[in-house]
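Analysis of the macromolecular model
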Amino acid sequence: MPDSVLLLIVAVVAAAIGAVLGYAARRVLAASRVKHADSYAERIISEARAKQKEIVLEGKDSVLQQQRASEEEAREKRADLQRQERLLLDRSESLDRKLEGIERREAATEERLTELEAERGEIAELRQQQLAALERVSGLSVFDARESLIQQIVDEAEAEAQHRVREIERRATEEGDERARRVLTTIMQRIAADHTSEATVTVVSLPSEEMKGRIIGREGRNIRALEQATGVDLIIDDTPEAVVLSGFDPVRREVARMALTKLISDGRIHPGRIEETVAKCRAEIEVVMRQAGEQAAYDAAVPGLHPELIKLLGRLKYRTSYGQNVLNHSIETAHLSAMLAAEIGANVNEAKKGGLLHDIGKAVDHEVEGPHALIGGEIAQRYGVSTVVCNAIAAHHQEVEQGSIEAVVVQIADAISASRPGARGESLDNYVKRLDDLQQIAESFPGVERSFAIQAGREIRILVRPEEIDDIASNRLARDVVKKIEEQLQYPGQIKVTVIRETRAVDYAR
């Protein structure tokens with residue numbers, strides 16, 4: 001047998017022996033592992049059983065504790081219920097006792113009511129007997145006596161009411177006069193004005209009588225050109241060295257005055273030169289009016305006005321009212337309004353603006369129909385002025401209702417500025433007519449014997465017939481006269497109405 005075969009046989013035998021030995025080793029190892037796993041499982045099972053016993057014991061203890069707590073709570077609730085039951089029993093007994101007391105009082109009350117009904121019947125019978133006796137004694141029925149008593153009470157109440165009203169009016173007048181006097185005195189001291197009245201200049205002085213002919217020109221062409229360019233009438237009469245300018249528009253009249261003055265100074269007077277000079281003067285007047293408006297707004301401390309309002313305000317520089325310059329009057333009214341508003345706690349800025357613009361309608365009242373107050377209110381509203389200020393402007397002559405305290409302040413300030421001594425001039429005809437109107441109003445009431453307008457129309461004294469008007473009716477007459485004066489007359493300041501009732505008893509000793 002060759003060696004290779006022998007080696008192969010040895011290798012096969014060795015492999016078989018190795019396989020047998022490996023199988024045997026694996027069996028032994030597997031058995032060992034199984035045994036170890038069984039022991040581990042038994043240990044886990046024993047631990048689980050011990051844990052189970054502990055959990056069961058803990059559960060039993062918890063159940064016992066909860067059972068004890070429930071029993072304790074049940075005992076407390078039973079005790080509480082027993083206490084409440086006792087309280088309810090006590091209350092029930094108390095209510096029973098009160099009910100018995102109420103029933104006893106009800107019985108006593110019913111008995112008392114029965115007695116009162118009987119007494120009431122007796123009183124009614126006695127009253128009827130007394131009324132019958134009174135009717136026999138007085139000779140009046142119950143109805144007549146009641147009416148007489150009611151009338152007496154009404155008369156006494158009316159007399160008492162009139163006395164009360166008179167006392168309240170007297171006290172209010174004293175306090176109001178004192179307060180108003182103090183406020184107005186303070187205001188007037190602070191604004192002591194340096195101007196009284198101004199007159200519009202409508203007369204242009206000439207260097208010589210010869211200048212009149214040059215102004216008229218050949219066949220009147222110069223004067224016609226001047227009148228056409230300015231819109232003002234030139235009156236050339238026998239007045240020595242003077243030409244009168246006549247025109248309703250004060251601005252046009254001022255343009256004509258300035259242009260005529262320059263033409264006279266220059267000496268060249270012909271239609272072409274007249275038109276050129278008038279145009280230059282009109283431009284200069286526009287500048288002057290704008291500057292005057294700006295200066296007025298600055299003097300009155302009213303900033304932020306619309307440029308058109310500034311321009312219209314400047315036009316008032318050439319406008320007068322009863323001889324009083326309207327622009328100066330507007331500035332003065334603005335100062336007065338501001339001071340009055342500060343004294344009484346009103347809005348100072350709105351009152352001041354309303355005072356400055358209250359106569360703005362006079363700048364265009366010759367071009368627009370209607371009262372200047374309403375025109376001014378519409379103009380102010382058009383240029384963005386506040387509603388309060390517009391109402392103050394429109395209502396300062398009471399054409400519309402005053403909607404704020406500032407409107408009243410502006411009206412008062414306007415009256416102070418216009419009616420102070422020397423502020424305005426007044427014609428004799430208007431003065432006499434106002435006095436006559438005052439007396440006619442006073443004498444239009446029944447019971448008035450005579451009336452006298454005194455103190456330049458600032459007071460009216462009324463003499464009444466004492467047999468027709470008593471003291472109470474005198475107070476009523478004074479109020480009625482005041483109302484009629486306010487409704488029918490236009491006047492600056494205020495008018496005092498005094499009613500005089502006099503009874504005289506005359507006899508002679510012989």
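Data block above holds the structure.
Just so you know, these numbers come straight off a predicted model, no measurement behind them.

Next up on the list: the overall build of the chain. A count of helical and extended segments in the chain gives 14 helices and eight strands. Within the chain, buried positions represent 29% of all 510 residues. The contacts of the chain with a sequence gap of at least 6 include a subset with a gap of at least 24, amounting to 61%. Accessible surface, the chain: about 33900 Å² in total, of which carbon and sulfur atoms supply 53%.

Moving on to unusual backbone geometry. One non-glycine residue with positive phi stands out, namely Glu219, at about 55°. Residue placement: Glu219 occurs in the loop between helix H3 (210-216) and helix H4 (221-230). Unusually for a residue other than glycine, Ala301 sits at a positive phi of about 60°. As for its position among the elements, Ala301 is in the loop between helix H6 (271-299) and helix H7 (307-315).

Within the fold, Ser337 resides in helix H8 (residues 326-344). Separated by 2.8 Å, the side chain of Ser337 and the backbone oxygen of Thr333 make a polar contact. Setting aside anything within four residues of it in sequence, one finds Ser337 in contact with Ala351, Lys352, Gly355, Val409, Val410 and Ala413.

A few words on the pattern of salt bridges. Tallied over the full model, the rule gives 15 salt bridges. In this structure, the salt-bridge partner of Arg112 is Glu115, at a minimum N-O distance of 3.1 Å. With Arg112 and Glu115 both in helix H1 (residues 3-138) and three residues apart, this pair spans about one turn of that helix. Look at Arg112 and you get partly exposed, because its relative accessible area is 42%.

To continue, consider the sheet that holds strand S3 (residues 242-246). Taken together, the three strands give an open sheet; going across it, the order is S1-S3-S2, and neighbouring strands pair in antiparallel fashion. What marks the edges here is a single partner per strand, and that holds for strand S1 (203-205) and strand S2 (233-235). Across this sheet, the average inter-strand angle for adjacent strands is 30°, counted without regard to direction. Inspection of the sheet shows S2 paired to S3 by three bridges, in the antiparallel sense. Paired with Ile235 across the two strands is Val244, which belongs to S3.

The biggest cluster of nonpolar side chains holds 27 residues, and the ones touching the most others in it are Leu305, Leu313, Leu327, Leu356, Leu357 and Val385. Broken down by secondary-structure element, the contributors of at least two residues to this core are H6, H7, H8, helix H9 (348-357), helix H10 (372-382) and helix H11 (387-394). Sequence-distant contacts of Leu327, that is, excluding residues within four places in its chain, are made with Ala292, Ala296, Leu313, Leu316 and Lys317. Ile215, Ala225, Leu234 and Ile264 belong to the second-largest nonpolar core, a separate cluster that totals 26 residues.

Right, let's talk about helix H5 (residues 250-266) for a bit. When the terminal C-alpha atoms of H5 are compared, their 24 Å separation across 17 residues agrees well with the 24 Å that a helix rising 1.5 Å per residue should span. One or two residues past the end of H5 sits Gly267, with phi positive at roughly 90°.

Running from N to C, H8 and H9 point in directions that differ by 160°, and their axes come no closer than 7 Å. The orientation of H8 relative to H9 falls into the category roughly antiparallel. The two elements H8 and H9 meet at a crossing, and its hand is right-handed. Of H9, the residues touching H8 (which contributes Ser330, Ile331, Thr333, Ala334, Ser337, Ala338, Ala341 and Ala342) are Val348, Ala351, Lys352, Gly355 and Leu356. Among the residues making up the contact of H8 with H9, the classes are represented as eight nonpolar, four polar and one charged.

Here Lys496 shows up in strand S8 (residues 496-501). Put simply, Lys496 and Val482 are 14 residues apart on the chain and 8.3 Å apart in space, counted from C-alpha to C-alpha. Leaving out residues up to four positions away in the same chain, Lys496 has contacts with Arg458, Glu459 and Ile460.

For the rest of this paragraph, the subject is the packing of H5 against H6. Relative orientation of the contacting elements H5 and H6 amounts to 130°, with a least axis distance of 9 Å. Of the possible angle classes, the one that applies to H5 and H6 is oblique. Every pair of crossing elements has a handedness; the one defined by H5 and H6 is right-handed. The residues of H6 that touch H5, namely those facing Val251, Glu254, Val255, Met258, Ala259, Lys262, Leu263 and Asp266, are Arg273, Ile274, Thr277, Val278, Cys281, Arg282, Glu284, Ile285 and Met289. Tallied by class, the residues present in the contact of H5 with H6 amount to ten nonpolar, one polar and six charged.

The rules behind each value
Residues numbered from 1 in each chain as written. Predicted model: local features only at pLDDT ≥ 70, side-chain atom pairs only at ≥ 80, totals over all residues. Heavy atoms only, no water. Helix = DSSP H or I, 4+ residues; strand = E, 2+ residues; numbered from the N terminus. Buried < 20%, exposed > 50% of the residue type's maximum accessible area, 1.4 Å probe, protein only. Contact = heavy atoms within 4.5 Å. Areas by Shrake-Rupley, 256 points an atom, 1.4 Å probe, with all protein chains shown as cover. Polar contact = N/O pair within 3.5 Å; in protein donor to acceptor, adjacent residues only side chain to side chain. Salt bridge = Lys/Arg side-chain N within 4 Å of Asp/Glu carboxyl O. Pairing = 2+ DSSP bridges. Axes fitted to C-alpha atoms, helices over the stretch in contact; angles between N-to-C directions. Core = buried A, V, L, I, M, F, W, Y, C linked by side-chain atoms within 4.5 Å. Expected span 1.5 Å × (residues − 1). Parallel < 35°, antiparallel > 145°, perpendicular 65-115°, else oblique. Left-handed = near helix turned anticlockwise from the far one by under 90°. Nonpolar A, V, L, I, M, F, W, Y, C, P; charged D, E, K, R; others polar.

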